[in-house]
Structure formats: C-alpha cells, structure tokens
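Chain by chain, the residues:
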Amino acid sequence: MNRRWIDLFSRLFTLLTALACFSLVAGVALILGDVVLNGLKHLSWEFVSTAPKTGMTEGGIFPALFGTVFLVLLMTVAVVPLGVSTAIYLQEYAPAGSRWVKLIRMAIQNLAGVPAIVFGLFGLGFFVDFVGKGIDRFFFDGALTFGQPAILWASLTLALLTLPTVVVATEETLRVVPRSHREVAYSLGATRWQMVRRVVLPQAVNGILTGTILAVSRGAGEVAPILFTGAAYYLPYLPTHLNQQFMVLNYHVYVMATQSPDVDATLPLLYSTVLVLLMLTFALNFAAIIIRSRLRRRLKAGR
Amino acid sequence: MKPSSLSHSVSEKIIETFIHLSAAVSIVGLVLIFIFIGKESLPVFTSPEIRREASLSKIFLPQSPEPGEEKVFRWQPVSVVPKYSLLPLVVGTLKATAVALLFAIPLALAAALFTSEFAPSWLREWVKPVIELLAGIPSVVMGFFALIVMATYVQELFGLDFRLNAISAGIALGLAVVPVVYTMAEDALSAVPQSYREGSIALGATPWQTAWRVVLPAAFPGIFAACILGLGRAIGETMIVLMASGNAAVSSWSPTDPFRSLSATIAAEMGEVVRGSTHYHVLFFIGVLLFLFTFFINYLGQLFVERLRQKLSGTDK
C-alpha cells in the first residue's frame, strides 16, 4: 500500500477512537445534565427536610436521607476495621507469596465480582434467617426481634460487599511506605505492631480514607443487597433501633420510578431525589479521586 | 516485667490476633455465601415435594402446561399450576448482555486506545476520570435514566412497538459495563513497555499501526480479561434490568421485545414469596447459578491478568 494511504487510514482510525472517547464523555455529560437540570427545579431545603406525603407525590425525602446516612455509618463501622486489618495482615504480617496470601487475595477478588443481588440473597439467608433467628431463639425466647429484615443486617451485608474496596485501597497505600522506614523502626527495637501502629499507619491514613469514601459511595448506591434485608417502601417513623427497617434514598428512587400511582406528579420529586443521591455519591467519589491522585504523586516521587 | 508493659503486650497480642483473624473474613465470607445460598437451593435436588414442581428437568426442559398440550418453556411461578422453566429468564439475560457488550466493548476499547496511545497527557488526565465517573453512578440511577428518559428516545429512534425492550435496557447496562472494561483495558495498554512503541515507530510504522499491531496484541490477555469481567458485570447487574426491561418473561430472542433477566427475577419476586415454598427455593437456585457463573468468570479474568503480567515481564515460556 502507498504511504499516503497508510497515513490516511491511520489518521482515520485514530479519529474514530477519539470519537468513541468523546461520545462516552458526552454520554456522561448528558446523563448528569439531564438529572441536574430537571432535579434542581424541585430541590429545596423543605424537600430534604420533610417526609413524603400523599403517596409520594408531595413532601420530601428526609426519612430516606436519614436512613441512608444511618445505614452507611453502620456499614463503615463494620467494614473499615475489618478491611484495614486485612490489608495490614497482607502487607505487614503474612509471609510474602505464601499460598495462604494467594488464597486471601483470590477470595477478595472473587468477592468483588459476586453480583449485588447474590449478596442480597446471602443477607436474607445468613444474617436475617440464620444469625437473626438464632439470636431470637437464644436471647428472646423465640420472640421476633432480630430475625427480621433490619438496618443492622442490611449494613452488614453491605459491609461484606464493600470489603474488597477497603482492602485494595488500603493495601495500595501500605505499599507506598518505604521499606527503610520499617527497618529503622525495627532497629530501634520496636515490635511489629509498634512499627505498624507508629510508622506505617500514620502514613497510610490517606489511603484508608480513600477506601472508606469509595466504600461509602458504593454502599449508598447499591439497592439489590438491601432489598430483602431491611429497606422499607415507606415508614411513618425514623429508625432508632438496630432491628428496625429503614427508608433509603436509592430504594426510594426505585419505588418512585416503578411503583408510583401518579407518574407525572411524582416525576419532579423523583428527579430531585436522583439529584440528591448523585450529589452524595459524586461528592464522595470526587474526594476519593483527589486524595488518591495526591497519593499517586507521592508514590511517583518516592521511586 | 513492669505491669504496664505486661498489659501492653497483652493488648498487642489481642490486636495481632484480630489482624490475623480478619484476614480470613474474606474467605469465610465467600464460603458462607456459597453455603447459605446453596443450602436454600438444595431442596430443588432433594425434596420430593418440591421436585414434583421444580426438578432440574422441569427447570431446564420444555413442559406441557396441561397434559396432552404442546411442550413449552414457561416461567409462571404464581399460577394454579406453577411453571418454573428458567429458559425465558436465561434468554432475557443473554439478550440484554449481548446488546450491552456489543455496545460497551467497542466503545470502551476504542476509548482506552485513545487515552493510552494517542491523547496528549493533559487530555488523558481530564478524560479518564470523567469516564471512570460512570462507575460512580449508582445502578438505580442508570435504571432510572433508562426507564424515564432513554426508553422514549430509543423507541422513537428505531420506531419500536414496545417502550421497554432489550435495546434500551442493553444500552443502559452497557454504560455500566463501560467503566469496567475501559479501566482494565487502559491499565493493560499502559503496562506495555515504551520500548515496544519506540521499536515500532523506528521501523516506520504510523502511531495507529503501532497501537493496532504492536501494543494491542501485547496487551491482549489484559484486554480479554477486561472483556470477560465486563461480561460478568452485565450478567449479574440487577437494578438497571429490573427497571428498564419491562419484566416480561417471554422466550424471545428479538432485542426489540421486553424481557426479564435472572437477576431481576430474584429482585422482583423474593419480596413476596412464601418462605420455604418451591418458588423461594427456585429463586435461591437462580442465585447459585449467578454466583457460580460470575465466580468462573472472575477466575478466568484473573488467569488472563496473570498471563499479561508474565508476558510483559518476559517470564512466560
């Protein structure tokens, strides 16, 4: 083939890849633009601070917002200590390259790939029916207390779902801590835990924060795992106990989008709810991206 | 030993025990998931009562709705004679997945090629987070967008009979798959050593020829892994399909018909099902199928990522 033709083809295909790239960017912009433009119309302080009224065609989303925050806080309390200490084990304690470590890594990767709906089934079968009913039998003489869908079970299900996120992000930052820092700590007579606690962890705070934020963002977004483990269609009260059901933003979006008695009346509220949910997850993601890019820069500088 | 340092070493022991134990949580979690959804689906194999309604052959082979009638595949768990054929659901899942991958893989791979090979670095820094932002959009929001906004445009654009169909649901699903494929493929392409590109350019190849004939083949195991992990994501995704598919359990391969997927069926029906009924156990059986399938996909993906690592570090023989 003639050189000029080759150059022409090369240009053409390069242009096509650029086109694909920008159409994806345009797609993101389209979705966000649509949600922001339509969502802003109905967004007000009243909307985020009052409860839904008259079959979700009026009122606000306060109970759902409250439930989301409560749920995600519980999940964080469960997942962060577990995830961080798993990462510490993998990086600081385990003999490098052992079969046990490989097995743990494989389990984490597979856990990350299990569909969210399967986590939902697991939460129902394990937390609600097995653990919850078990607690009722031993401590409450079989009276229905924990053996039902509840915010505790939903948050634990989400904690298992987000565990890989926290482990991977924490491990990434532990790797950045230079070997020499550890060696100095040892040479001063520190035990392994003292070294981890005083030398490694203070430098890893950023990564742990990134992992936590990403996990929270994921947890606030996933509906499938909480469908049968505690999310409620509508509740006239706010959840105050661990064994109560709860309303939550993302499930509220699903309910309003698919089960509204009056679609036209619900639509403005629906858009605003989606906007609030998106602002929440994006603010979190954005924070994570910023912290992580700082971290990457440090990683590059350290090499 | 001073008492303070004794208590110190005791608390240190406790913490280190916690660290060692927590490392096992991911393994225990994975095993528990399998055991507990497996346990609930076991009656499909063992209970004679449940097997009368939903044995493996009833689940996978065609059945006559009434004696003497033509044999068909039907998912009608709530009827006088419940029917539990999974075929309509499998067809629905495969159909949506096919549309999603046809949409997502070319776009994501082309975009990954552009960002890693052709884009100037300032553009890459800007474009990459935007595409990865797609991963941050909750699937329920994507489902909402497909249901409320996109479905109408897709229907008008193609002149379709049904507003909710496998095309619009598949595209929304594809948008959720894009960041998975894009991020992994971009990583794989970026991992190809610079010397490969320099060698190719030095021999007179154009940047496109270099990207297409040198970099892409070198990164192939990683690209392939990206595509199968995208497949795993598409098969398991629930909320998008639940909201945008129309949820009709019909065995039609046409992408313009409404459909219903395996995952959406669990989500839609588990809430109303009677505990311990045949229907309940069959839904858990669907969960087992999804779990095993994505487990296999992940294993395959990891295998190929490992191959890429060996290939690029020159340790494969």
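Before any of the text, the structure's been laid out above.
As a starting point, this report considers the structure included with it.

### Observations regarding the interface of chain A and chain B
Often, the extent of an interface is quoted as the loss of accessible area upon association of its parts. In this assembly, 74 residues from chain A lie in contact with 72 residues from chain B. Taken as a group, Leu24(A), Ile31(A) and Leu121(A) account for 10% of the area that chain A buries against chain B, more than any other trio of residues on that side. One can count one salt bridge joining chain A with chain B. When the shortest N-O distance is used, the salt bridge between Asp129(A) and Arg275(B) registers 2.8 Å. Across the chain A-chain B interface, the total number found is eight residue pairs in polar contact (both at pLDDT 80 or more).

### Considerations on helix α5 (residues 116–139) of chain A
Residue and element names in this part refer to chain A. At Gly-123, α5 shows its maximal kink, close to 30°. By the criterion of burial, α5 is predominantly enclosed, with 17 of the 24 residues buried. Of the residues trailing α5, Asp-141 is marked for its positive phi of about 50°.

### Examining the nonpolar core
If you look at the biggest cluster of nonpolar residues, it comprises 197 residues, and the most contacted ones within it are Ile117(A), Ile33(B), Ile131(B), Phe144(B) and Met270(B). With 15 residues, the top contributor of residues to this core is helix α9 (residues 166–190) of chain B. Sequence-distant contacts of Phe144(B), that is, excluding residues within four places in its chain, are made with Val35(A), Val253(A), Leu270(A), Tyr271(A), Val274(A), Val149(B) and Met243(B).

### Points about the pattern of salt bridges
Residue and element names in this part refer to chain A. Tallied over the full model, the rule gives 14 salt bridges over all chains. Notably, a salt bridge pairs Asp-129 with Lys-133, separated by 3.4 Å at the nearest N-O pair. You can see Asp-129 and its partner Lys-133 sitting in helix α5, four residues apart, about one turn around the helix. A relative accessible area of 17% means that Asp-129 is categorised as buried.

### Observations concerning the environment of Asn285(A)
Position of Asn285(A) relative to the elements: it lies in helix α10 (residues 263–302). Placed 67 residues apart in sequence, Asn285(A) and Arg218(A) show a C-alpha to C-alpha distance of 9.2 Å. Excluding residues within four positions of it along the chain, Asn285(A) makes contact with Leu214(A), Ser217(A) and Gly136(B). Reaching out from Asn285(A), the side chain makes a polar contact with the side chain of Ser217(A) at a distance of 3.1 Å.

### A short note on helix α12 (residues 220–236) of chain B
Taking 1.5 Å per residue as the helical rise, α12(B) with its 17 residues ought to reach 24 Å, and the 25 Å between its terminal C-alpha atoms agrees with that figure. The element α12(B) is extensively covered by neighbouring structure, given that 12 of its 17 residues are classed as buried. Considered for burial, the residues of α12(B) that qualify are Pro221(B), Gly222(B), Ile223(B), Ala225(B), Ala226(B), Cys227(B), Ile228(B), Gly230(B), Gly232(B), Ala234(B), Ile235(B) and Gly236(B). Among the structural elements, α5 of chain A together with α6 (87–118), α9, α11 (207–218), α14 (262–269) and α15 (278–313) of chain B are those in contact with the buried residues of α12(B).

### Overview of a nonpolar patch on the surface
A contiguous nonpolar surface patch, about 710 Å² in accessible area, is contributed by Trp5(A), Leu8(A), Phe9(A), Leu12(A), Phe13(A), Leu16(A) and Leu19(A). Counting through the fold element by element, Trp5(A) comes out in helix α1 (residues 3–40).

### Focus: the packing of α12(B) against α15(B)
Residues and elements named next belong to chain B. Following both chains from N to C, one finds α12 and α15 inclined at 165°, their axes separated by 8 Å at the closest point. Viewed along their axes, α12 and α15 adopt a mutual orientation that is roughly antiparallel. Crossing handedness for the pair α12 and α15: left-handed. Between α12, through Pro-221, Gly-222, Phe-224, Ala-225, Ile-228, Leu-229, Leu-231, Gly-232 and Ile-235, and α15, the contact on the second element is made entirely by Leu-290, Phe-293, Thr-294, Ile-297, Asn-298, Leu-300, Gly-301, Phe-304, Val-305, Arg-307, Leu-308 and Lys-311. A breakdown of the residues in the contact of α12 with α15 according to their chemical character gives 14 nonpolar, five polar and two charged.

### Let's talk about the packing of aromatic side chains
Enumeration according to the criterion identifies 26 aromatic pairs over all chains in this entry. Consider the rings of Tyr271(A) and Phe144(B), whose centres lie 5.2 Å apart with planes at 85°: the pair is edge-to-face. With Tyr271(A) in helix α10 and Phe144(B) in helix α8 (residues 139–158), the pair connects residues from two separate chains. Pair check on accessibility: Tyr271(A) and Phe144(B) agree, each one buried. In textbook terms, an aromatic cluster arises when at least three aromatic residues are bridged by ring pairs, as seen for Phe122(A), Phe126(A), Phe127(A), Phe130(A), Phe140(A), Phe146(A), Trp153(A) and Phe36(B). A cation over an aromatic ring shows up here: Arg192(A) above the ring of Tyr93(A), its NZ or CZ 5.3 Å from the ring centre.

Conventions we followed
Residues numbered from 1 in each chain as written. Chains lettered and ligands numbered in written order. Predicted model: local features only at pLDDT ≥ 70, side-chain atom pairs only at ≥ 80, totals over all residues. Heavy atoms only, no water. Contact = heavy atoms within 4.5 Å. Buried area = accessible area lost by both parts, 1.4 Å probe. Salt bridge = Lys/Arg side-chain N within 4 Å of Asp/Glu carboxyl O. Polar contact = N/O pair within 3.5 Å; in protein donor to acceptor, adjacent residues only side chain to side chain. Bend = angle between axes of the 7 residues up to and from the residue. Helix = DSSP H or I, 4+ residues; strand = E, 2+ residues; numbered from the N terminus. Buried < 20%, exposed > 50% of the residue type's maximum accessible area, 1.4 Å probe, protein only. Core = buried A, V, L, I, M, F, W, Y, C linked by side-chain atoms within 4.5 Å. Expected span 1.5 Å × (residues − 1). Patch = residues over 30% accessible without salt bridge, like charges linked within 9 Å, V, L, I, M, F, W, Y side chains within 5 Å. Areas by Shrake-Rupley, 256 points an atom, 1.4 Å probe, with all protein chains shown as cover. Axes fitted to C-alpha atoms, helices over the stretch in contact; angles between N-to-C directions. Parallel < 35°, antiparallel > 145°, perpendicular 65-115°, else oblique. Left-handed = near helix turned anticlockwise from the far one by under 90°. Nonpolar A, V, L, I, M, F, W, Y, C, P; charged D, E, K, R; others polar. Phe/Tyr/Trp six-rings, centres within 6.5 Å; stacked < 30°, edge-to-face > 60°. Lys NZ or Arg CZ within 6 Å of the ring centre and 35° of its normal.

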